[in-house]
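So you can see what is in the structure, the chains are spelled out below.
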Amino acid sequence: RSQMPPDSPLKFTATNETITVVDGGKSYNIRRSYSNFGGSQQALANRHWATARQYLVVVDAVSRWSGSKFCIDGNSVAYQGAPVPPSFGKRILAMVAKNESPEPLFRFYERLQRNPSWRSVQQLYDFLGLCGIPIRPDGKFYAYKGVGEDYGAIHPKGCRSPSCGCKHFDNHPGNTCEMPRNQISDDPDLACHKGGHVGSYQYADGFGPRTVVVEVDPEHVVCV
């Protein structure tokens, strides 16, 4: 990050393909393919030095905040050389541009990469965003579950499936509920099937007389 006053002039050279900026003795090279090229070009042309410095942060901060595991690759974000899903990369760049640390997202993604399910890896982040499910600083996320007065599972109304997944976990706050992964259904077309189920607050609230908050590791999501 620059140590110079935010409104002090920057030294730069620019072509149609590359911008080179020197700030406080540090040099930044911004290519046309980078997500911050257009904004940097306009800010420098208008001598809006503080705004230009915000764009420089995007180049440097992704690597710095992630311990070099994540980086900007062209107009996307990559994890250990492989592009991350576009929606995930855009969120990271948006946070960095505002000087907000994306470290919770980095930790979430690293946990998710340990998940053996291709479908879960591809779908989980967008599902959490769609449902407004928050990601914790350690990369786990909070979801919700409707339970009975005794904190046991609620059997869905109208479900007649003999293989219903309403295993009677003890869902009291503080308990850990788990079962072998290979005993959990990974069929996305069967909503009521074997496994422990969590969802958004809007879905879980009213499902039972109590609603509990559940901490989930992305590594352990079997089916979205």
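Below, the structure is looked at part by part.

Conventions adopted
Residues numbered from 1 in each chain as written. Predicted model: local features only at pLDDT ≥ 70, side-chain atom pairs only at ≥ 80, totals over all residues. Heavy atoms only, no water. Helix = DSSP H or I, 4+ residues; strand = E, 2+ residues; numbered from the N terminus. Contact = heavy atoms within 4.5 Å. Areas by Shrake-Rupley, 256 points an atom, 1.4 Å probe, with all protein chains shown as cover. Buried < 20%, exposed > 50% of the residue type's maximum accessible area, 1.4 Å probe, protein only. Pairing = 2+ DSSP bridges. Axes fitted to C-alpha atoms, helices over the stretch in contact; angles between N-to-C directions. Core = buried A, V, L, I, M, F, W, Y, C linked by side-chain atoms within 4.5 Å. Salt bridge = Lys/Arg side-chain N within 4 Å of Asp/Glu carboxyl O. Left-handed = near helix turned anticlockwise from the far one by under 90°. Nonpolar A, V, L, I, M, F, W, Y, C, P; charged D, E, K, R; others polar.

Broken down by element type, the chain carries 6 helices and 8 strands. Taken from the N to the C terminus, the helices and strands of the chain come in the order β-β-β-α-α-β-β-β-α-α-α-β-α-β. For the chain, restricting intrachain contacts to residue pairs at least 6 apart in sequence, the fraction spanning at least 24 positions comes to 58%. Per element, the accessible surface of the chain, about 13000 Å² overall, is 50% carbon and sulfur.

Within the secondary structure, G152 is located in the loop between β7 (141-147) and α6 (201-204). With a relative accessible area of 10%, G152 lands in the buried category. G152 sits 56 residues away from G208 along the chain, and the two C-alpha atoms are 9.7 Å apart. Here G152 is in contact with V147, F169 and N171, once residues within four sequence places are set aside.

What follows is about the sheet that holds strand β2 (residues 18-23). Spatially, 3 strands are ordered β1-β2-β3 in an open sheet, and the strand pairing comes out antiparallel. Each edge of the sheet is formed by a strand with only one pairing partner; in this case those strands are β1 (11-14) and β3 (26-31). Ignoring strand direction, the axes of neighbouring strands in this sheet form an average angle of 15°. Where β1 lies against β2, 4 bridges are found, and the strand directions are antiparallel. The residue bridging T13 from the neighbouring strand is T20, located in β2. Running over the sheet, helix α1 (residues 37-45) touches β1, β2 and β3 and is turned about 60° from β2.

This next bit is on the nonpolar core. Core analysis: the biggest nonpolar cluster contains 27 residues, and V62, F70, F88, I92, F108 and F141 have the highest contact counts within it. Among all residues touching V62, those that are not within four sequence positions of it are F70, C71, I72, I92, L93, V96 and F106. Counting residues in each nonpolar core, the second largest holds 11 residues, with L10, V21, I30 and F37 among its members.

Looking now at the pattern of salt bridges. Enumeration over the complete set of coordinates arrives at 9 salt bridges. Salt-bridge contacts for E215 lead to R136; the nearest nitrogen and oxygen are separated by 3.3 Å. On the criterion of sequence distance, the pair formed by E215 in strand β8 (residues 210-216) and R136 in the loop between α5 (118-131) and β7 is long-range, its members being 79 residues apart. We classify E215 as partly exposed; its relative accessible area is 42%. For K140, the salt bridge goes to E215, with nearest N and O atoms at 3.2 Å. Of this pair, K140 sits in the loop between α5 and β7 while E215 sits in strand β8, placing them 75 residues apart in sequence.

Next up on the list: the packing of helix α4 (residues 103-112) against α5. Direction vectors running N to C along α4 and α5 enclose 150°, while the axes themselves pass 10 Å from each other. Handedness of the α4/α5 crossing: right-handed. Side by side, α4 and α5 meet where L105, F108 and L112 of the first sit next to S120, V121, L124, Y125 and L128 of the second. Grouping the constituent residues of the contact of α4 with α5 by class yields 7 nonpolar, 1 polar and no charged.

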